[in-house]
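# Reading the structure
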Amino acid sequence: MAEREELTWELFGSASRELAQRIADDGYEPDVILSIARGGLFVAGALGYALDVKNLHVMNVEFYTGVGERLEMPVMLPPVPNAVDLTGAKVLVADDVADTGGTLKLVRDFCAGHVADVRCAVVYEKPWSEVKCEYVWRRTDRWINFAWSRERPVVRHEGQVLDA
Ligand code: 5GP
(Lines give C-alpha, C1' and ligand atoms only; values in the text may rest on other atoms or scores of the structure.)
Protein backbone atom coordinates (compact mmCIF):
# COMPACT_ATOMS: atom_id res chain seq x y z
CA MET A 1 0.00 0.00 0.00
CA ALA A 2 1.27 3.51 -0.86
CA GLU A 3 2.76 5.42 2.05
CA ARG A 4 0.62 8.47 1.33
CA GLU A 5 -2.89 9.15 0.18
CA GLU A 6 -2.91 11.24 -3.03
CA LEU A 7 -5.78 13.58 -3.79
CA THR A 8 -5.24 14.80 -7.34
CA TRP A 9 -7.27 17.66 -8.82
CA GLU A 10 -9.19 15.11 -10.87
CA LEU A 11 -10.04 12.97 -7.84
CA PHE A 12 -11.00 16.09 -5.88
CA GLY A 13 -13.62 16.84 -8.55
CA SER A 14 -15.46 13.58 -7.92
CA ALA A 15 -14.75 13.56 -4.16
CA SER A 16 -16.34 16.99 -3.63
CA ARG A 17 -19.34 16.06 -5.78
CA GLU A 18 -19.90 12.84 -3.81
CA LEU A 19 -19.51 14.70 -0.51
CA ALA A 20 -22.12 17.25 -1.62
CA GLN A 21 -24.45 14.42 -2.63
CA ARG A 22 -24.22 12.92 0.86
CA ILE A 23 -25.16 16.26 2.42
CA ALA A 24 -28.09 16.70 0.01
CA ASP A 25 -29.27 13.12 0.58
CA ASP A 26 -29.25 13.80 4.33
CA GLY A 27 -31.57 16.77 3.79
CA TYR A 28 -29.18 19.28 5.38
CA GLU A 29 -29.66 22.73 3.83
CA PRO A 30 -27.02 25.05 5.29
CA ASP A 31 -27.54 28.82 5.30
CA VAL A 32 -23.81 29.40 5.55
CA ILE A 33 -20.69 27.46 4.61
CA LEU A 34 -17.83 28.27 6.94
CA SER A 35 -14.56 27.48 5.25
CA ILE A 36 -11.34 26.78 7.15
CA ALA A 37 -8.46 28.42 5.28
CA ARG A 38 -6.58 27.50 3.45
CA GLY A 39 -7.35 23.87 2.51
CA GLY A 40 -11.05 24.22 3.33
CA LEU A 41 -11.45 27.01 0.77
CA PHE A 42 -11.38 24.53 -2.11
CA VAL A 43 -13.87 22.25 -0.38
CA ALA A 44 -16.19 25.13 0.58
CA GLY A 45 -16.16 26.52 -2.96
CA ALA A 46 -16.99 23.15 -4.50
CA LEU A 47 -19.74 22.45 -1.94
CA GLY A 48 -21.12 25.98 -2.32
CA TYR A 49 -21.67 25.48 -6.04
CA ALA A 50 -22.90 21.90 -5.73
CA LEU A 51 -25.42 22.72 -2.97
CA ASP A 52 -26.25 26.18 -4.35
CA VAL A 53 -25.16 27.99 -1.18
CA LYS A 54 -23.83 31.48 -1.92
CA ASN A 55 -23.18 32.58 1.64
CA LEU A 56 -19.57 31.63 2.36
CA HIS A 57 -17.47 32.76 5.31
CA VAL A 58 -13.82 32.11 6.02
CA MET A 59 -11.94 31.33 9.22
CA ASN A 60 -8.15 31.22 9.30
CA VAL A 61 -6.79 28.57 11.64
CA GLU A 62 -3.10 27.78 11.94
CA PHE A 63 -2.04 24.40 13.35
CA TYR A 64 0.36 22.48 11.10
CA THR A 65 3.81 23.78 10.18
CA GLY A 66 4.96 20.74 8.18
CA VAL A 67 4.31 17.03 7.62
CA GLY A 68 3.13 15.86 11.04
CA GLU A 69 4.58 19.02 12.67
CA ARG A 70 2.10 20.97 14.73
CA LEU A 71 1.89 23.97 16.98
CA GLU A 72 0.88 23.13 20.55
CA MET A 73 -2.72 23.99 19.76
CA PRO A 74 -4.64 25.45 16.79
CA VAL A 75 -4.91 29.23 16.75
CA MET A 76 -7.50 31.45 15.11
CA LEU A 77 -5.90 34.15 12.99
CA PRO A 78 -7.61 37.45 12.31
CA PRO A 79 -9.99 38.42 10.85
CA VAL A 80 -12.37 36.23 12.85
CA PRO A 81 -15.90 36.06 11.34
CA ASN A 82 -18.47 38.23 13.02
CA ALA A 83 -20.53 35.93 15.28
CA VAL A 84 -23.58 38.08 14.44
CA ASP A 85 -23.41 36.88 10.83
CA LEU A 86 -23.77 33.32 12.03
CA THR A 87 -26.47 33.86 14.66
CA GLY A 88 -29.39 31.48 14.19
CA ALA A 89 -27.89 30.03 11.03
CA LYS A 90 -27.53 26.44 9.92
CA VAL A 91 -23.79 26.25 9.39
CA LEU A 92 -21.75 23.76 7.39
CA VAL A 93 -18.06 23.85 8.34
CA ALA A 94 -15.90 22.74 5.40
CA ASP A 95 -12.31 21.56 5.66
CA ASP A 96 -9.89 19.30 3.79
CA VAL A 97 -9.15 16.83 6.61
CA ALA A 98 -9.99 16.16 10.24
CA ASP A 99 -6.72 14.78 11.62
CA THR A 100 -6.50 15.36 15.38
CA GLY A 101 -9.83 17.16 14.96
CA GLY A 102 -8.40 20.06 17.00
CA THR A 103 -9.08 22.63 14.28
CA LEU A 104 -12.69 21.59 13.80
CA LYS A 105 -13.26 21.46 17.56
CA LEU A 106 -12.04 25.05 17.85
CA VAL A 107 -14.39 26.16 15.08
CA ARG A 108 -17.34 24.15 16.45
CA ASP A 109 -16.83 25.66 19.89
CA PHE A 110 -16.67 29.13 18.30
CA CYS A 111 -20.04 28.50 16.61
CA ALA A 112 -21.70 26.89 19.63
CA GLY A 113 -24.16 29.13 21.35
CA HIS A 114 -24.74 31.38 18.31
CA VAL A 115 -25.90 29.09 15.57
CA ALA A 116 -29.01 26.95 15.07
CA ASP A 117 -27.07 23.92 13.85
CA VAL A 118 -23.44 23.23 13.02
CA ARG A 119 -22.19 20.24 11.04
CA CYS A 120 -18.81 19.42 9.56
CA ALA A 121 -17.93 18.20 6.07
CA VAL A 122 -14.44 17.00 5.22
CA VAL A 123 -12.85 15.16 2.35
CA TYR A 124 -10.85 12.95 4.75
CA GLU A 125 -11.18 11.94 8.39
CA LYS A 126 -8.54 10.10 10.37
CA PRO A 127 -9.68 7.42 12.83
CA TRP A 128 -8.30 9.23 15.88
CA SER A 129 -10.05 12.58 15.21
CA GLU A 130 -11.68 13.95 18.36
CA VAL A 131 -14.42 15.45 16.18
CA LYS A 132 -16.54 12.94 14.29
CA CYS A 133 -17.68 14.78 11.18
CA GLU A 134 -21.23 14.36 9.92
CA TYR A 135 -20.07 14.21 6.30
CA VAL A 136 -16.86 12.44 5.24
CA TRP A 137 -15.81 11.39 1.76
CA ARG A 138 -13.05 8.95 2.76
CA ARG A 139 -11.32 7.70 5.92
CA THR A 140 -7.57 7.14 6.10
CA ASP A 141 -4.80 6.83 8.68
CA ARG A 142 -2.12 7.98 6.21
CA TRP A 143 -0.68 11.43 5.50
CA ILE A 144 -2.56 12.99 2.58
CA ASN A 145 -0.97 14.86 -0.31
CA PHE A 146 -3.49 17.42 -1.48
CA ALA A 147 -3.28 18.70 -5.06
CA TRP A 148 -3.06 22.30 -3.80
CA SER A 149 -0.24 21.84 -1.28
CA ARG A 150 1.88 18.81 -2.15
CA GLU A 151 4.69 21.00 -3.53
CA ARG A 152 5.40 24.49 -2.29
CA PRO A 153 5.74 26.75 -4.07
CA VAL A 154 3.91 25.23 -7.04
CA VAL A 155 5.00 28.05 -9.33
CA ARG A 156 8.25 29.99 -9.16
CA HIS A 157 8.49 33.71 -9.86
CA GLU A 158 9.97 33.13 -13.29
CA GLY A 159 6.81 31.22 -14.15
CA GLN A 160 8.47 27.80 -14.00
CA VAL A 161 5.80 25.28 -13.05
CA LEU A 162 7.14 22.75 -10.53
CA ASP A 163 4.02 20.66 -10.17
CA ALA A 164 0.99 20.37 -12.44
P1 5GP B 1 -6.33 18.83 12.70
O2 5GP B 1 -6.62 20.08 13.48
O3 5GP B 1 -7.57 18.02 12.46
O4 5GP B 1 -5.24 18.01 13.34
O5 5GP B 1 -5.73 19.24 11.31
C6 5GP B 1 -6.32 20.19 10.51
C7 5GP B 1 -5.42 20.71 9.42
O8 5GP B 1 -4.09 20.15 9.45
C9 5GP B 1 -5.95 20.34 8.07
O10 5GP B 1 -6.92 21.26 7.64
C11 5GP B 1 -4.69 20.36 7.21
O12 5GP B 1 -4.39 21.67 6.79
C13 5GP B 1 -3.60 19.88 8.15
N14 5GP B 1 -3.41 18.42 8.01
C15 5GP B 1 -3.72 17.47 8.92
N16 5GP B 1 -3.47 16.24 8.45
C17 5GP B 1 -2.99 16.40 7.19
C18 5GP B 1 -2.56 15.48 6.17
O19 5GP B 1 -2.60 14.26 6.28
N20 5GP B 1 -2.11 16.05 5.01
C21 5GP B 1 -2.06 17.39 4.81
N22 5GP B 1 -1.59 17.84 3.65
N23 5GP B 1 -2.47 18.29 5.75
C24 5GP B 1 -2.93 17.79 6.93
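So, here's what we can say about the structure. Just so it is clear, the model here is predicted, and its values are computed rather than measured.

## Considering the sheet that holds strand β2 (residues 32–37)
- With mixed pairing, the six strands of this open sheet are ordered in space as β4-β3-β2-β5-β6-β7. The strands lining the two open edges of the sheet, one partner per strand, are β4 (69–77) and β7 (135–139). Neighbour-to-neighbour, the strand axes of this sheet turn through a mean angle of 20 degrees, independent of strand direction.
- The sheet contact formed by strand β5 (residues 90–98) and strand β6 (residues 117–125) spans eight bridges and is parallel. For Asp95, the partnering residue across the bridge sits in β6 and is Val122.
- The sheet contacts of helix α1 (residues 9–25) involve β5, β6 and β7, and relative to β7 the element is tilted by about 140 degrees.

## Quick word on the environment of Val118
- As for its position among the elements, Val118 is in strand β6.
- Measuring from C-alpha to C-alpha, the distance between Val118 and Val32 comes to 9.7 Å, with 86 residues separating the pair along the chain.
- The contacts of Val118, once residues within four sequence positions are left out, are Tyr28, Val91, Val93, Arg108, Cys111 and Glu134.

Reading guide: rules and limits
Residues numbered from 1 in each chain as written. Predicted model: local features only at pLDDT ≥ 70, side-chain atom pairs only at ≥ 80, totals over all residues. Heavy atoms only, no water. Pairing = 2+ DSSP bridges. Helix = DSSP H or I, 4+ residues; strand = E, 2+ residues; numbered from the N terminus. Axes fitted to C-alpha atoms, helices over the stretch in contact; angles between N-to-C directions. Contact = heavy atoms within 4.5 Å.

Read these as spatial facts, not as claims about activity.
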